[in-house]
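Analysis of the macromolecular model
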Amino acid sequence: VAMVIFTLQSSAAVEWDIPKDFLMSVNLSNFYGILKNAKNSDLITLSKGKEDKLKITLSGKTIREFNIPIIKDFEREIKIPDLRFKADVKLPSSLFDETIAEADEVGETVRFEITKDKFTILSVGDMSDFRATIREDSDVKISYIEDVHAKYAIEYLKKFSNKISDTLLLSFSKEYPLNLCYELKDKITLRFILAPRVENDWLWTFYPAKNWQN
């Protein structure tokens, strides 16, 4: 349903000493549990330890060292899909988060539409409906090849909310995966890919898109 792709550039590190490329897999719960112990002022060092373990060092007023096992035989090969999009929207991340939170009060899914230089977010529930229209301005940039629409689960969009960047880029096509990207130039790129909801939904038939137009 969803994929997370986090890229850390070497320029974001205080020190970067990687003599050769290598692949390392670890248990996510163990890794995250250790990182939660880090304070804002701590330096985090990742290195390959002894006995095929990942060494994680948290350096602050105290130095804490953790070693977690490396998973040698990862079950699946993860491939990043090669996606081509018909529409892009660059907007403040806070605006997107606020709009998704409002849509969540109504339904479980949202429909994204791009038509005539505007980005529309729709949500329909059993008794209520929601519509937000976002137009181009100095903070919002919209580009598209053709009018497009697609529907996605609000549950995942809320989980994707992130504070690493003030802006985010949404890319999608008709009934096609969504690419949501946060970026700190020359430092970090955080991408989320979300599968669309394409099953038949009578609510979208009952509330056709043309009824939402100005």
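The structure under discussion appears in the preceding block.
Conventions we followed
- Residues numbered from 1 in each chain as written.
- Predicted model: local features only at pLDDT ≥ 70, side-chain atom pairs only at ≥ 80, totals over all residues.
- Heavy atoms only, no water.
- Phe/Tyr/Trp six-rings, centres within 6.5 Å; stacked < 30°, edge-to-face > 60°.
- Helix = DSSP H or I, 4+ residues; strand = E, 2+ residues; numbered from the N terminus.
- Buried < 20%, exposed > 50% of the residue type's maximum accessible area, 1.4 Å probe, protein only.
- Lys NZ or Arg CZ within 6 Å of the ring centre and 35° of its normal.
- Pairing = 2+ DSSP bridges.
- Core = buried A, V, L, I, M, F, W, Y, C linked by side-chain atoms within 4.5 Å.
- Contact = heavy atoms within 4.5 Å.
- 1 Å grid on protein atoms, 1.4 Å probe; cavity = no way out; pocket = protein on both sides within 12 Å on 5 of 7 lines; lining within 4 Å.
- Points joined across faces, edges and corners; volume = space filled by probe spheres on them.
- Nonpolar A, V, L, I, M, F, W, Y, C, P; charged D, E, K, R; others polar.
- Axes fitted to C-alpha atoms, helices over the stretch in contact; angles between N-to-C directions.
- Patch = residues over 30% accessible without salt bridge, like charges linked within 9 Å, V, L, I, M, F, W, Y side chains within 5 Å.
- Areas by Shrake-Rupley, 256 points an atom, 1.4 Å probe, with all protein chains shown as cover.
- Salt bridge = Lys/Arg side-chain N within 4 Å of Asp/Glu carboxyl O.

Section: the packing of aromatic side chains
- Under the counting rule described, the total for this entry stands at 9 aromatic pairs.
- A ring pair is formed by Phe160 and Phe192, whose centres lie 4.3 Å apart and whose planes are at 20 degrees; its orientation type is stacked. In this pair, Phe160 sits in helix H3 (residues 154–160) while Phe192 sits in strand S13 (residues 188–194), placing the two residues 32 residues apart along the sequence. Each of the two residues, Phe160 as well as Phe192, counts as buried.
- Aromatic rings pair up to connect Phe96, Phe112, Phe119, Tyr152 and Phe172 into one cluster.
- In this structure, Lys159 is placed above the aromatic ring of Tyr156, and the distance from its NZ or CZ to the ring centre is 5.3 Å.

Focus: the pairing of strand S8 (residues 129–135)
- Here S8 shows a buried face lined by Phe130, Ala132 and Ile134 and an unburied face lined by Asp129, Arg131, Thr133 and Arg135.
- Sheet topology places strand S7 (residues 118–124) next to S8; 7 bridges connect them, and they run antiparallel. Looking across to S8, one finds that Leu122 is bridged to Arg131.
- Between S7 and S8, which follow one another and run antiparallel, lie 4 residues.

Quick look at the nonpolar core
- Residues Phe96, Phe112, Phe119, Leu157, Leu170, Phe172 and Leu180 are the most contacted members of the largest nonpolar core, which totals 31 residues.
- Each residue touching Phe112, except ones within four places of it in the same chain, is listed here: Phe96, Ile100, Phe119, Thr120, Ile121, Val148, His149, Ala150, Tyr152, Leu157, Phe172 and Leu178.
- Of all hydrophobic cores here, the second largest spans 6 residues; its members include Phe31, Ile34, Leu54 and Ile56.

Brief notes about the layout of surface pockets
- Empty space within the largest pocket amounts to approximately 3100 Å³.
- As for the largest pocket, its lining consists of 45 residues, and the residues nearest its centre are Phe6, Leu8, Met24, Phe31 and Leu46.
- When residues in the lining of the largest pocket are grouped by element, the largest group, 7 residues, is from strand S1 (residues 2–8).
- Considered class by class, the residues forming the lining of the largest pocket number 32 nonpolar, 5 polar and 8 charged.

Re the pairing of strand S11 (residues 167–172)
- Relative to S11, strand S5 (residues 87–92) runs antiparallel, the two being bridged by 6 bridges. Looking across to S11, one finds that Asp88 is bridged to Ser171.
- Across 4 bridges, S11 lies against strand S12 (residues 178–184) in antiparallel orientation. Counted as the bridge partner of Leu169 is Cys181 from S12.
- Between the antiparallel neighbours S11 and S12 lie 5 residues, among them Glu175 with a positive phi of about 45 degrees.

Overview of the sheet that holds strand S10 (residues 148–153)
- Taken together, 4 strands build an open sheet; the order of strands is S8-S7-S6-S10 and the sheet is antiparallel. Whereas interior strands pair on both sides, the edge strands pair on one side only; in this sheet they are S8 and S10. The average angle at which neighbouring strand axes cross in this sheet is 20 degrees, direction not considered.
- Contacting strand S6 (109–115), S7 and S8, helix H2 (residues 93–104) runs over the sheet at an angle of about 165 degrees to S8.

Side note on a nonpolar patch on the surface
- A contiguous nonpolar surface patch, about 530 Å² in accessible area, is contributed by Phe6, Leu8, Trp16, Ile18 and Phe22.
- Relative to the helices and strands, Phe6 resides in strand S1.
- Note on Phe6: relative accessible area 52%, which makes it exposed.

Considering the pattern of salt bridges
- This structure, assessed with the given rule, holds 8 salt bridges.
- A salt bridge links Arg84 to Asp82, with the shortest nitrogen-to-oxygen separation between them at 2.4 Å. Each member of the pair, Arg84 together with Asp82, is exposed.
- When the shortest N-O distance is used, the salt bridge between Arg111 and Glu113 registers 2.7 Å. You'll find Arg111 and Glu113 in the same group, each marked buried.

Keep in mind that these numbers describe shape and distance, not what the molecule does.
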